[in-house]
Amino acid sequence: MKCPRCGNERTALASTPPICAECSSSVMGAPSRITASNEGWHELLYHPEKIAAWLDHRDFPPLYVEISPVSYCNQRCQYCVAEILRDGDHAALDRKEFTALLTDLEACGVSCCEIQGTGEPFLNNAIYDAVAATTGKMGIYIVTNGTVMDTARMPELLEKTRFLRFSAIDIDPVNYGRAHGAGAAHSTAVWRNMAYCVQVKKAHGLKCVLTAMLMLQEYNLSTASATVAELKEIGMDIVHVKTPNPKAAAGDRFPQYIQFGTALKKALRSHETAAF
């Protein structure tokens, strides 16, 4: 196999993407050119064509674009950075511009579009028509709190979506409400909608990956394992467990927090299977 940049036969290690060792080294030797923090920059090596174009000073479409279809949300989550960014306006992309934006991004070769931004994307009803207008060449990744979905239109949307992530799930309605600044009705809705999306995926043989995010806080550590077990039971594909800064979360109890966190991680991994 030839390197997409220099044309030489690939001599990379088995664990690296298809770019030759020389070109890989030239990128690895200058990580600061890729990202100021250097964190995760190696993931770019999975896109050798983009790296080749960048190193050769050629134009190329972005790998990733994020769209915020609305500037408002129906929740007030304690962990959400967008709460700081919102200015009180209720702005939203209209159906025509939302659809044109997605189809134009796909047409120009963007690899992935994340629909999230500073609000709950499903509060914009144009999302269904906009996603349906794409052809499937561009990956669509939607992040949602999962409370306001139009179930009648979800089959069509899931057909064109590669990843659908439900944020900050908890089996305990009280814990869920505390994290999201919402009532028990929201907790009921999100569990119902997750189960429905699983049913749609199975019924139509869709490839969309259904993901749930679990945000660990001190008050929900005791229910985390039960939450993961229930997500597995209803048929979700992946559970992404995130933790806050342990020192900020635990303060003087930092050593005990780390000890408990290690045990909890082991307990959560006990739910893993080849398909989950």
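Above: the structure in question.
Described below are features of the structure shown in this document. (Residues numbered from 1 in each chain as written. Predicted model: local features only at pLDDT ≥ 70, side-chain atom pairs only at ≥ 80, totals over all residues. Heavy atoms only, no water.)

1. So, the overall build of the protein chain
Formally: The helix and strand labels rest on DSSP assignments: H or I over at least four residues marks a helix, E over at least two residues marks a strand, and numbering proceeds from the N terminus. The contact rule is simple, with two residues in contact once any of their heavy atoms fall within 4.5 Å. For accessible areas, the Shrake-Rupley method is used with a probe of radius 1.4 Å. Any residue's cover is judged against the shown protein chains and nothing else.
Regarding its fold elements, the protein chain presents eleven helices and six strands. Within the protein chain, residue pairs in contact and separated by at least 24 positions form 67% of the contacts whose partners lie at least 6 positions apart. Counting only carbon and sulfur atoms, one obtains 54% of the accessible surface of the protein chain, whose full area is about 14,700 Å².

2. Overview of the pairing of strand E6 (residues 238-242)
Looking along a regular strand, one sees side chains alternate from face to face of the sheet. This is how it is decided: Only strands joined by at least two bridges in the DSSP assignment are considered to pair. Crossover handedness is defined by viewing with both strands directed away from the observer: a clockwise path from the first strand over the helix to the second marks the crossover as right-handed.
Taken together, the five bridges between strand E5 (residues 209-215) and E6 define a ladder with parallel strand orientation. If you follow threonine 211 over to E6, its bridge partner there is isoleucine 238. In terms of handedness, the path from E5 via helix H9 (residues 224-234) over to E6 forms a crossover that is right-handed.

3. A look at the pattern of salt bridges
Side chains that carry opposite charge are capable of pairing whenever their charged atoms lie near each other. Filter applied, for reference: Should a side-chain nitrogen of Lys or Arg be within 4 Å of a carboxyl oxygen of Asp or Glu, the pair is scored as a salt bridge. To sort residues, take the accessible area from a 1.4 Å probe on protein chains only and compare it with the maximum for the residue type: under 20% means buried, over 50% means exposed, and anything in between is partly exposed.
Per the counting criterion, the structure on display carries six salt bridges. For arginine 153, the salt bridge goes to aspartate 129, with nearest N and O atoms at 2.7 Å. Taken together, the residues arginine 153 in the loop between strand E3 (139-144) and helix H6 (154-159) and aspartate 129 in helix H5 (residues 127-132) connect sequence positions 24 residues apart. Overall, the relative accessible area of 24% leaves arginine 153 in the partly exposed class. One continuous salt-bridge network, built from bridges that share partners, spans Arg95, Asp129, Arg153 and Glu156.

4. A look at the environment of threonine 211
With respect to the helices, strands and loops of the structure, threonine 211 is situated in strand E5. The sequence separation of threonine 211 and methionine 194 amounts to 17 residues, and the corresponding C-alpha distance is 9.3 Å. If we skip the residues at most four places from it in the chain, threonine 211 touches Leu164, Arg165, Phe166, Met236, Ile238 and His240.

5. Some points on the sheet that holds E6
Through backbone hydrogen bonds, the strands of a sheet pair up, either in parallel or in antiparallel fashion. The condition is simple: For every element, the axis is a line fit to its C-alpha atoms; helices are fit only across the contacting stretch, and the angle between N-to-C directions ranges from 0 to 180 degrees.
Taken together, six strands build an open sheet; the order of strands is E1-E2-E3-E4-E5-E6 and the sheet is parallel. With one partner strand each, in any of the chains shown, strand E1 (64-67) and E6 form the two edges of the open sheet. Going from strand to strand, the sheet's axes swing by 20 degrees on average, the running direction of each strand aside. Taken together, the four bridges between E3 and strand E4 (residues 163-166) define a ladder with parallel strand orientation. Across the sheet, residue tyrosine 141 finds its bridge partner in E4, namely phenylalanine 163. The strands touched by helix H4 (residues 95-107) within the sheet are E1, strand E2 (112-115) and E3, with E1 carrying the most contacts at an inclination of about 175 degrees.

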